[in-house]
Amino acid sequence: MSPQECEDHRAEICLEVEIVLKGYWQDKRSFEMDAAVKAWWMDELEDWTPDQVRWAMRKWCRDNPDRRPNPGHILAMLRKSWGRKHAEQTRAAIAPQPEPPKQRISP
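Residues numbered from 1 in each chain as written. Predicted model: local features only at pLDDT ≥ 70, side-chain atom pairs only at ≥ 80, totals over all residues. Heavy atoms only, no water.

> Hey, could you run me through helix α2 (residues 31-45) in this one?
Residue pairs three or four apart in sequence face the same way in an α-helix, which turns once every 3.6 residues. Its 15 residues place the ends of α2 21 Å apart at the C-alpha level, agreeing with the 21 Å of an ideal helix rising 1.5 Å per residue. Of the residues making up α2, those classed as buried are Asp-34, Val-37, Lys-38, Trp-41, Met-42 and Leu-45. Axial view of α2: buried residues confined to an arc of 135°, hence all on one face. (Helix = DSSP H or I, 4+ residues; strand = E, 2+ residues; numbered from the N terminus. Expected span 1.5 Å × (residues − 1). Buried < 20%, exposed > 50% of the residue type's maximum accessible area, 1.4 Å probe, protein only. Arc of directions from axis to C-beta.)

> Sorry, what's going on with the pattern of salt bridges here?
If charged atoms from side chains of opposite charge come close, those side chains can pair. If you walk through the whole model with that rule in mind, you get four salt bridges. Arg-54 is the partner of Asp-51 in a salt bridge, and the nearest nitrogen-oxygen pair spans 2.5 Å. Note that Asp-51 and Arg-54 are positioned in helix α3 (residues 50-63) at a spacing of three residues, about one turn of the helix. As a salt-bridge pair, Asp-63 and Lys-59 come within 2.5 Å of each other at their nearest N and O atoms. Placement of both Asp-63 and Lys-59 in helix α3 is noted, with a separation of four residues, approximately one turn of the helix. It is possible to trace a salt-bridge network through shared partners that takes in Arg-10, Asp-43 and Glu-46. (Salt bridge = Lys/Arg side-chain N within 4 Å of Asp/Glu carboxyl O.)

> Where do I start with the nonpolar core in this structure?
In globular proteins that are soluble, nonpolar side chains generally tend to be buried together. Core analysis: the largest hydrophobic core is formed by 19 residues, its most contacted members being Val-17, Trp-41, Leu-45, Met-57 and Ile-74. Sorting the residues of this core by element identifies α1 (3-24), α2, α3 and α4 (71-94) as the ones contributing at least two each. With near-sequence residues (within four places) excluded, Trp-41 lies in contact with Val-17, Leu-21, Met-57, Pro-69, Asn-70, Pro-71 and Ile-74. (Core = buried A, V, L, I, M, F, W, Y, C linked by side-chain atoms within 4.5 Å. Contact = heavy atoms within 4.5 Å.)

Put into structure tokens, the structure is as follows:
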């Protein structure tokens, strides 16, 4: 990603986090602390698309309505979902390759 694309990508993720942290939990933090918390989330989640982050944040809130998520919770959900989706490809990639047939020795 270009620096601008990366900044836009992180801003989209930040919005998802802010919706949960401020809208859902209504925290009252200093500007500096709020910026640090959001930067921490963005650092942890920037390898995922905003749609993936949104899915995981919403799933967490549905499954755990009385518990506040942290980046580790969301990362675990994303990795587990990715693993299920790509399990067959991963198995095929790490499976030992069958030996090619050997030529028989002539008499």
